[in-house]
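Chain and residue survey
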Amino acid sequence: MKPTALVAGNWKMNGLAESRSELETLSKLLKEGTEAGCNVLICPPYTLISSFAAMNAESIAIGAQDCHAKASGAHTGDISAQMLRDAGAEYVIVGHSERRADHGESSALVCAKANAVLSEGLRAIVCVGETEAERDAGSTLTVVLGQLAESIPESATPDNMIVAYEPVWAIGTGRTPTTDDVAEVHTALRNALVERFGENGRRFSLLYGGSVKPSNAKELMSAPNVNGALVGGASLKATDFNGIIDAYR
Ligand code: PEP
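Now for a look at the structure at hand. (Residues numbered from 1 in each chain as written. Predicted model: local features only at pLDDT ≥ 70, side-chain atom pairs only at ≥ 80, totals over all residues. Heavy atoms only, no water.)

1. Things to note about the pairing of strand E3 (residues 61-64)
The alternating pattern of E3 places Ala61 and Gly63 and Ile62 and Ala64 on opposite faces, both of which are buried. Bridge count for strand E2 (residues 39-43) against E3 is two bridges, and the pairing is parallel. Bridge pairing in E3 links Ile42 to Ile62. In this fold, E2 hands off to helix H2 (residues 46-54), which returns the chain to E3; that crossover is right-handed. By the bridge criterion, two bridges tie E3 to strand E4 (residues 91-94) in an arrangement that is parallel. Within E4, the residue paired with Ala64 across the bridge is Val92. Handedness of the crossover is the feature at issue here: the chain leaves E3, passes through helix H3 (residues 81-87), returns alongside E4, and the resulting connection is right-handed. (Buried < 20%, exposed > 50% of the residue type's maximum accessible area, 1.4 Å probe, protein only. Helix = DSSP H or I, 4+ residues; strand = E, 2+ residues; numbered from the N terminus. Pairing = 2+ DSSP bridges. Right-handed = clockwise from strand over helix to strand, strands pointing away.)

2. Focus on the site of the ligand
Around the ligand, a shell composed of 14 residues is seen, among which Lys12, His96, Glu166, Gly172 and Ser211 lie nearest. Gly232 is positioned with one of its backbone polar atoms (N or O) 2.8 Å from an oxygen atom of the ligand. Coverage of the ligand by the protein chains reaches 95% of its 290 Å² of free accessible surface. Tallied by class, residues from the shell around the ligand come to four nonpolar, eight polar and two charged. (Near = heavy atom within 4 Å. Polar contact = N/O pair within 3.5 Å; in protein donor to acceptor, adjacent residues only side chain to side chain. Areas by Shrake-Rupley, 256 points an atom, 1.4 Å probe, with all protein chains shown as cover. Nonpolar A, V, L, I, M, F, W, Y, C, P; charged D, E, K, R; others polar.)

3. Examining unusual backbone geometry
A positive phi angle, close to 50°, is found at Asn56, a residue other than glycine. Among the secondary structure elements, Asn56 is positioned in the loop between H2 and E3. We note that Asn225 has phi near 65°; this positive angle belongs to a residue other than glycine. In this structure, Asn225 sits in the loop between helix H9 (214-221) and strand E8 (228-231).

4. Section: H2
Residues of H2 that are buried include every one of Leu48, Ile49, Phe52 and Ala53, and no others. Seen along its axis, H2 keeps its buried residues to an arc of 130°; they face one direction. Projecting away from the buried face of H2 at angles above 90 degrees are the exposed residues Thr47 and Ala54. Packing partners of the buried residues in H2 comprise helix H1 (20-32), E2, E3 and H3. At the exit of H2 stands Asn56, carrying a positive phi of roughly 50°. (Arc of directions from axis to C-beta. Contact = heavy atoms within 4.5 Å.)

5. Digging into the sheet that holds E2
The parallel closed barrel is built from eight strands, whose spatial order is E1-E2-E3-E4-E5-E6-E7-E8. Strand-to-strand, the axes of this sheet are offset by a mean angle of 25°, without reference to chain direction. Note that strand E5 (residues 123-128) and strand E6 (residues 161-165) share five bridges and pair parallel. The residue bridging Val128 from the neighbouring strand is Tyr165, located in E6. (Axes fitted to C-alpha atoms, helices over the stretch in contact; angles between N-to-C directions.)

6. Things to note about the layout of surface pockets
If you add up the space inside the largest pocket, you get close to 520 Å³. Along its surface, the largest pocket is lined by 22 residues, and Tyr46, Gln65, Asp66, Arg99 and His103 are the ones closest to its centre. Those elements giving two or more residues to the lining of the largest pocket turn out to be helix H4 (97-102) and helix H5 (107-119). Considering each element in turn, the lining of the largest pocket owes the most residues, three residues, to H4. Broken down by class, the residue content of the lining of the largest pocket amounts to eight nonpolar, six polar and eight charged. (1 Å grid on protein atoms, 1.4 Å probe; cavity = no way out; pocket = protein on both sides within 12 Å on 5 of 7 lines; lining within 4 Å. Points joined across faces, edges and corners; volume = space filled by probe spheres on them.)

7. A few points about the pattern of salt bridges
A full pass over the atoms with the stated rule returns 15 salt bridges. Among the ionic pairs, Arg203 bridges to Asp159, the shortest N-O distance being 2.9 Å. Placement of the pair is Arg203 in the loop between helix H8 (179-197) and strand E7 (205-209) and Asp159 in the loop between helix H7 (140-151) and E6, with a sequence separation of 44 residues. Between Arg202 and Glu199 there is a salt bridge, and its shortest N-O distance comes to 3.0 Å. Through salt bridges that share partners, Asp66, Arg99, Glu105 and Lys113 make up one connected network. (Salt bridge = Lys/Arg side-chain N within 4 Å of Asp/Glu carboxyl O.)

8. Details of the pairing of E8
Neither face of E8 is left uncovered, since the one carrying Gly228 and Leu230 and the one carrying Ala229 and Val231 both have all their residues buried. Across four bridges, the pairing between strand E1 (residues 6-10) and E8 is parallel. Considered in E8, the bridge of Gly9 is made with Val231. Taken together, E7, H9 and E8 constitute a β-α-β crossover, and its handedness is right-handed.

As structure tokens, this is what we get:
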């Protein structure tokens, strides 16, 4: 069985109650257009998860952008995977480079968060990616494979875990790696997953993220071992996001 394609939107710290209209528009575009051969996910800020989930927008799953590693307790300002499930989230992104950089999150912590996500029966999207300095130093594969090994828990399966390769220097910059560069990293990730999980490793979905937009989505998504996209900026407008989903129509 082939990995399931997924196009996921990460709204980051953007979106207010009025943003429901974008979800409504996306739902309409998905209903009216040719059926997309991929799953579609929107990860709004925490404040919108329950209202978005309650909209039951056809063909759009709702997810979160992070969670705490514990289920409950004295952790002011944090949100647990249990709470996210309760609010209607089905997926949780963990280890996004902005969390790793802004909050000093280690791969060990990302692994603990991923474990928390899985133990609530949700799907984890684990992000890995090199900085520009690491790419320039020729250590992209070492960095990315190291993050993969340390961030993915033992209980991961192709049904509960998705990996997103997001070069840090490509996020929000308008710059992207070449399709060959993406293919090289994704093939290395695939090989590492097969080494660790046997034949099951072939079924994990591997997303590419970093400045994906309607104009480059088809080419990036055509690279070997790319099974979808994690999209930041271009996921905020339903028409742009739908243009990326077009890569799977
Ligand atoms: C992201 O932050 O996950 C991302 C891919 O952002 P952008 O698409 O804006 O580069």
